[in-house]
There are 2 protein chains.
Amino acid sequence: MLGNCFYRRLLLLLWRAKQTTTGLLVGIHSFSGKLLVIPMDGSHWVAIKALAQAMGRRGHKVTVVIPEVNIRMGPGKHYDTVTFPVPYDKASLNIIGTNKHLMEKSSESFIQDMRKRFAHMQRIADFLHTTAESLLFNATLISHLAEQVSGFDAVLTDPMVPTGTLMARKLGLPSINLLRGIPCLMDMKAAGCPSPPSYVPRFFTGFTDKMNFMERTINTLVSTYCYVWMGRRFLGEEVGIAELLSDSAIWLQRYDFTMEVPRPLMPNIILVGGINCNVRNPLPEDLESWVSGEHGFVVFTLGSMVSDMPVKRASVFLEAFRQIPQKVIWRYTGQIPDSVPDNVRIMEWVPQNDLLAHPGARAFITHGGSHGLFEGLCHAVPMVMVPLTADQPDNAQKMASKGVGVVLDIMSITTEGLLQGLNAIINDTRYKERVQKLSAVHKDRPIDPLQLSVYWTEFVMRHKGAQHLRAAVLELNWIQYFCLDVIALLATVLLVFVILTVKCFKVCLRKLGRKRKQE
Amino acid sequence: MLGNCFYRRLLLLLWRAKQTTTGLLVGIHSFSGKLLVIPMDGSHWVAIKALAQAMGRRGHKVTVVIPEVNIRMGPGKHYDTVTFPVPYDKASLNIIGTNKHLMEKSSESFIQDMRKRFAHMQRIADFLHTTAESLLFNATLISHLAEQVSGFDAVLTDPMVPTGTLMARKLGLPSINLLRGIPCLMDMKAAGCPSPPSYVPRFFTGFTDKMNFMERTINTLVSTYCYVWMGRRFLGEEVGIAELLSDSAIWLQRYDFTMEVPRPLMPNIILVGGINCNVRNPLPEDLESWVSGEHGFVVFTLGSMVSDMPVKRASVFLEAFRQIPQKVIWRYTGQIPDSVPDNVRIMEWVPQNDLLAHPGARAFITHGGSHGLFEGLCHAVPMVMVPLTADQPDNAQKMASKGVGVVLDIMSITTEGLLQGLNAIINDTRYKERVQKLSAVHKDRPIDPLQLSVYWTEFVMRHKGAQHLRAAVLELNWIQYFCLDVIALLATVLLVFVILTVKCFKVCLRKLGRKRKQE
């Protein structure tokens, strides 16, 4: 009996010690706070959810505010949700999720094609705008939250759409951003972080940090355009978006130097690339038994924003899968083609990270979204990348340049091309070796990115911000920042000096000339 | 029996879990490597020793190379030492340690005084040079180390004098720098880190990150001077010092945003300010009993480079101490004045960090060296700062601006002034409150700086460098870095465009004129 008692007490102690280990090292300030979370939908939700859950598990009261109708956001075990009504329904959301046009060569003219694409982008923008308005002008909800505000310590948000930042400003709370990055490096600009165009490539250029003269020229032009764009876009409004975002206490960036270029960072930018790598569970039993087999399996997903694809394109994939010994798990919600090979299993949703973490995973066919790439990198699975839109072409190019995968063009993809790509990354061991090496470096960090995110979120809650990390650059205008006034002064002084010297010299020469004449 | 067995096994498990907790969180790659340490003497030794000891405790074979004659370097429990002969003796070292001139108003003329100071600086430079040469030209030792080189994984050094960096280059090993900073921000330059003069103050200017126009002008001039100086100083030699240092894998900087200004940093710059805060032991019994008492005690040290002071100056301090109820522990190796009050204990060496960590510590009289300030900050002890030389005036100014201490001028210090300062920081609770708040923020970091240093040192040993953190800026020349070539091209294009437009306009006008004439 005594033994049993000891056993139980010590098990408890051991468990507690373990909790601490998976907790945080220094300054394990145990406190219970209140966190308001204003997330974004789609893939953006993945990381925010992971952090919201982790904060809830740490004992904080976490409130997540989500629209009634949404793509994938929903309740969780460790946080509460508050929903707000929106003036659209699930059907119109599904239209947004239709990205067929990204995978279909248009038979229409270039102009018509571009018009169609633009219309789709406009639909997304309108949708984001409507969602933001539905929250920001929901007086009942805001006043409900404001009543609780004395309790809230901070706002966690994804500032790609600055709804959360505006809410934080409204409620007078410090904000923590968790994001992948904002086009035109607006996030870096808002944090006051220098991004020299000579080696920091801009979004969508596809450049690396080693640029030739022509690339540097284009990168500089893009950077200048961005600068002007950011300055103009919100001209006349009370507060610019960069200025609004510059109030953020902490920037948790899903950025990692194994994937991205090494660049300067500000003190309040914390890198948490791969944040959801360790958020995982064992596979469901039926899936586990299905994927097991000597040849392993391939994971095929194109992200949550792509719900279906043209049947012709789907057949290209299926024909290639028919010719490989691996099993294939395909996350697909579109119309299922008639002849699905036996080694292919189509599912509406897959536990992507759990599958990639499985030792049987041989290859990952992905659209090159950052979450997928980080998961592939984390679990060292070589990749076939078929980028579609947004940052995906850039991401895919970066990973391909590391030799851990191949990039295929979705518009011109063929069964042969896909087969060749799959065979290369599965059978050419160099891909596996390179991804293992890169993965080892990626995971060799002093602290797990999710824990690090928890740490800094709690820091902001504890200290009501992170004032000591806020750089003075945010208080300077661009004339002061680039010291243009100082340069003007120094140039003037130099000019006056040169003019005076020349004048002196002339006077001397003239006097000398006169003297000579007199002689 | 069974219970006992369980008990022991579980205790062991518990102990192991605890070891992991005080170890490192992620990637606890247990491996045993070999580290070569080439330290600097004086206060620089403190941090390097702490890290060498920690590395030894982690199971690595650590070899520290030190000159036979030195100020404070010596053997440790967890590392081996290799000594090399130097052509100077302890007596000449002591002359270097005599900094009386820093505390004495000179009766000599300004020119003579400056000459004397310059001569002293020259002596220090010569001494550093001789030490470096003694190691770098010691063929026997180098070949001895080179024989072992297949065993060494990395070099840990303080690059203030780049002996260790040169050795690492010679031996083909990656290097880790542990430093406070190099004048002219040469460390930042070598790491490729931007330091905008508009809000990053230069050494010795005494400016903060909020500068007015005049200060920004001076800061810009100093920064330009530094740029030219760094470029010129080693002109003609095979490799410039900044270029040499840019090979460093990791920069462990004793820098912290509670003391310093928030500024951009590069990915391989790791902040470890306060590294020796937790390196501590209980006080020796006699000291413990001596310091105990209701009024607490004052710690008074002026750093390892100051061995004595003029008797007159010493009396100023003693007279002030006579009038306070606190006990005073004074680290002093010079001539002891005749009348030492009962509440003062003069010691040749004091366990400074242990004393400051003692709950009875009420005030810290310090010269403002970074180690002392970090220790005071760590243990939240308000300070009276009497800066003498080097970065001390800057440091002291920064701490005073945070309201955690007062600065006194050693040249004009009086008993009354000192008393006033001591009374303020001991009895005005605002100083204590502010230092406690600042200390809380300083210590609120996800990982202890010593452990973080261990982590990155091991990282470099594991991966033979930290290549993925090396920014591409280090491969650019300054024309490319500032995109001057791109700007020249764009300006030319613009100019040609403007000229052509004007020409076109002129031709059109002329034609129009001719037409009119014809009509």
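In case you missed it, the structure is sitting above this.
No experiment lies behind these values; they were computed from the predicted model shown.

A. Representation of the pairing of strand E1 (residues 34-38) of chain A within the structure. All names here are of chain A. Where burial is concerned, most of E1 is hidden: five out of the five residues are buried. Side chains of E1 alternate between two faces, with Lys34, Leu36 and Ile38 and Leu35 and Val37 buried alike. Handedness of the crossover joining E1 and strand E2 (residues 61-67) through helix H2 (residues 44-57) is recorded here as right-handed. By the bridge criterion, four bridges tie E1 to strand E4 (residues 154-157) in an arrangement that is parallel. When the bridges of E4 are listed, Leu36 appears paired with Val155.

B. Layout of the sheet that holds strand E10 (residues 344-347) of chain B. Residues and elements named next belong to chain B. Pairing in this open sheet of six strands is parallel, and the strands run E10-E9-E8-E11-E12-E13 from one edge to the other. The two strands at the open ends of the sheet, each matched to only one other strand, are E10 and strand E13 (405-407). With strand direction ignored, the average angle separating the axes of adjacent strands in the sheet is 15 degrees. Of the strand pairs in this sheet, strand E12 (residues 383-385) and E13 are connected by three bridges, and their pairing is parallel. For Met385, the partnering residue across the bridge sits in E13 and is Val407.

C. Local environment of the pattern of salt bridges. Taken as a whole and assessed by the stated rule, the structure comprises 32 salt bridges over all chains. A:Arg180 is the salt-bridge partner of A:Asp391, the closest N and O atoms lying 3.3 Å from each other. Remark: A:Arg180 occurs in the loop between strand E5 (175-179) and helix H7 (186-190) and A:Asp391 occurs in the loop between strand E12 (383-385) and helix H14 (392-401); sequence separation between them is 211 residues. A:Arg180 shares its class with A:Asp391; the two are buried. With a shortest N-O distance of 3.2 Å, B:Arg445 and B:Asp256 are connected by a salt bridge. In this pair, B:Arg445 sits in the loop between helix H16 (429-443) and helix H17 (449-463) while B:Asp256 sits in the loop between strand E6 (250-253) and strand E7 (269-271), placing the two residues 189 residues apart along the sequence. Its relative accessible area of 8% is what places B:Asp256 among the buried residues.

D. Main features of the nonpolar core. Judged by nonpolar contacts, the single largest core of 123 residues is most densely connected at A:Ile250 and B:Ile250. When residues no more than four places from it in sequence are discounted, the contact partners of B:Ile250 are B:Ser175, B:Ile176, B:Asn177, B:Asn268, B:Ile270, B:Trp456, B:Val460, B:Ala466 and B:Leu469. Counting 32 residues, the second-largest nonpolar core is a separate cluster that includes B:Leu302, B:Ile324, B:Leu422 and B:Ile426.

Reading the values: the criteria
- Sequence order as written defines residue numbering, which begins from 1 separately in each chain.
- Chains carry letters and ligands carry numbers; both start at the beginning, A for chains and 1 for ligands, and go up in the order they are written.
- Residue-level local features of this predicted model are given only where pLDDT is at least 70; pairs of side-chain atoms are given and counted only at 80 or more, and the full residue set underlies all totals for whole chains, interfaces and linings.
- Calculation of side-chain values draws on the structure's entire complement of heavy atoms; hydrogens and water are dropped beforehand.
- When a residue's accessible area, from a 1.4 Å probe over protein chains only, is under 20% of the maximum for its type it is buried; when over 50% it is exposed; and in between it is partly exposed.
- Strands here are runs of E lasting at least two residues and helices are runs of H or I lasting at least four, both read from the DSSP assignment and numbered beginning at the N terminus.
- By the criterion used throughout, a crossover qualifies as right-handed when its path from the first strand across the helix to the second strand runs clockwise, the strands pointing away from the viewer.
- Strand pairing requires that DSSP identify at least two bridges connecting the strands.
- Throughout, an axis means a line fitted to C-alpha atoms (over the contacting stretch in the case of helices), and angles, computed between N-to-C directions, take values from 0 to 180 degrees.
- When a carboxyl oxygen of Asp or Glu is within 4 Å of a side-chain nitrogen of Lys or Arg, the pair counts as a salt bridge.
- Side-chain atoms within 4.5 Å are what join buried Ala, Val, Leu, Ile, Met, Phe, Trp, Tyr and Cys residues into a set we call a nonpolar core.
- Here a residue-residue contact requires only that any non-hydrogen atoms of the pair lie within 4.5 Å.

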